[in-house]
Amino acid sequence: MKSFENLDVWKAAHKSVLEIYKITKKFPEDERFRLIDQLCRSAASVPANISEGTGKKTLNEYIQFLYNARGSLEETRYHLILARDLDYIDKKEFETLSEQYNSVGKMLNGLIKSLKSSQNKTRTKDQEPRT
């Protein structure tokens, strides 16, 4: 299995986290333990779950961690909507980050689909009668 650092989806998710940390520096101080904390945690959870999944013993466990990453991605998208609606980020920042997270989501879905497909091929192969 590849190192998680070589996965394009991990690279894109990590890049997005770095952007989140930059933009939250501009948020009001009273959001430090509220929205800033929630947004940074959910954003960092995406690449963290991808990396943790690569270290799991089975393919099923790996896929489950990718689903966890996808859930964290959706949570992050909500927090970005909230930040936009509270005028903590402007429309351009929101659109840029939304596009990045849409791209990460597509890559995650593609990786999950690919892994499930290879898993199904392995199962089918194992079930074929031997001659």
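Since this is a predicted model, take the numbers as computed values, not measurements. (Residues numbered from 1 in each chain as written. Predicted model: local features only at pLDDT ≥ 70, side-chain atom pairs only at ≥ 80, totals over all residues. Heavy atoms only, no water.)

## Let's talk about the nonpolar core
As a rule of thumb, soluble globular proteins bury nonpolar side chains together. As a reminder of what qualifies: Residues grouped as a nonpolar core are buried Ala, Val, Leu, Ile, Met, Phe, Trp, Tyr and Cys residues, joined through side-chain atoms within 4.5 Å. For the exposure calls, accessible area comes from a 1.4 Å probe over protein chains only, and a residue counts as buried if that area is under 20% of its type's maximum, exposed if over 50%, partly exposed in between. Strands here mean DSSP runs of E at least two residues long; helices mean DSSP runs of H or I at least four residues long; both are numbered from the N terminus.
Counting residues in each nonpolar core, the largest one holds 33 residues, and the members touching the most others are Ile20, Phe27, Ile50, Leu66 and Leu80. Of all the secondary structure elements, the ones that give two or more residues to this core are α1 (8-24), α2 (35-54), α3 (59-85) and α4 (91-127). Element by element, the count of residues in this core is highest for α4, at eight residues.

## Points about the layout of surface pockets
Test applied: Points on a 1 Å grid over protein atoms alone make up a cavity when a 1.4 Å probe fits among them but cannot get out, and a pocket when they form an open set with protein on both sides within 12 Å along at least five of seven lines; lining residues each have an atom within 4 Å of a point. Grid points are joined across faces, edges and corners, and a volume is the space filled by probe spheres set on the points. Residues are grouped as follows: nonpolar covers Ala, Val, Leu, Ile, Met, Phe, Trp, Tyr, Cys and Pro; charged covers Asp, Glu, Lys and Arg; every other residue, Gly included, is treated as polar.
Taken as a whole, the largest pocket holds about 170 Å³ of empty space. Lining the largest pocket, in full, are Tyr21, Thr24, Lys25, Arg32, Phe33, Ile36, Asp37, Cys40, Arg41 and Ala44. A per-class count over the lining of the largest pocket returns five nonpolar, one polar and four charged.

## Some thoughts on the side chain of Ser72
The condition that has to hold: It only takes one pair of heavy atoms within 4.5 Å for two residues to be counted as in contact.
Relative to the helices and strands, Ser72 resides in helix α3. When sequence neighbours within four positions are dropped, the list of residues in contact with Ser72 reads Ser42, Ser45, Val46 and Asn49.

## Digging into the environment of Glu5
Tracing the chain through its elements places Glu5 in the segment before α1. Once residues lying within four places of it in the same chain are set aside, the contact partners of Glu5 are Trp10 and Lys11.

## As for α1
Put simply, the rule is: Take the number of residues in a helix, subtract one, and multiply by 1.5 Å to get its expected span. The directions considered for the arc run from the helix axis to the C-beta atoms.
Taking 1.5 Å per residue, 17 residues should reach 24 Å; α1 reaches 25 Å between its end C-alpha atoms and fits that length. If you check which residues of α1 are buried, you get Val9, Trp10, Ala12, Ala13, Ser16, Val17, Ile20, Ile23 and Thr24. Each buried residue of α1 sits inside an arc of 160 degrees when the element is viewed along its axis, so together they form one side. Those residues of α1 that are exposed and angled more than 90 degrees off the buried face are Asp8, Lys15 and Lys22.

## Some remarks on α2
Heads up, the rule is: The reported bend at a residue is simply the angle between two axes, fitted to the 7 residues ending at it and to the 7 residues beginning with it.
Counted at 1.5 Å a residue, the expected span for α2 with its 20 residues is 28 Å, and the 29 Å between its end C-alpha atoms agrees. The largest bend along α2 reaches roughly 30 degrees and is located at Val46, with the proline Pro47 sitting one to four residues downstream. Of all 20 residues in α2, 14 are buried; the element is thus mostly enclosed.

## So, the packing of aromatic side chains
Test applied: Each pair of aromatic rings taken from Phe, Tyr and Trp, with Trp reduced to its six-membered ring, is defined by centres within 6.5 Å and is described as stacked if the planes are under 30 degrees apart, edge-to-face if over 60, and tilted in the remaining cases.
Summed over all chains, the structure comprises two aromatic pairs. Ring centres 5.2 Å apart and planes at 70 degrees place the aromatic pair Phe4 and Trp10 in the edge-to-face group. Between Phe27 and Tyr88 the ring centres are 5.2 Å apart and the planes differ by 45 degrees, which places this aromatic pair in the tilted class. Here Phe27 is found in the loop between α1 and α2, whereas its partner Tyr88 is found in the loop between α3 and α4, with 61 residues between them in sequence.

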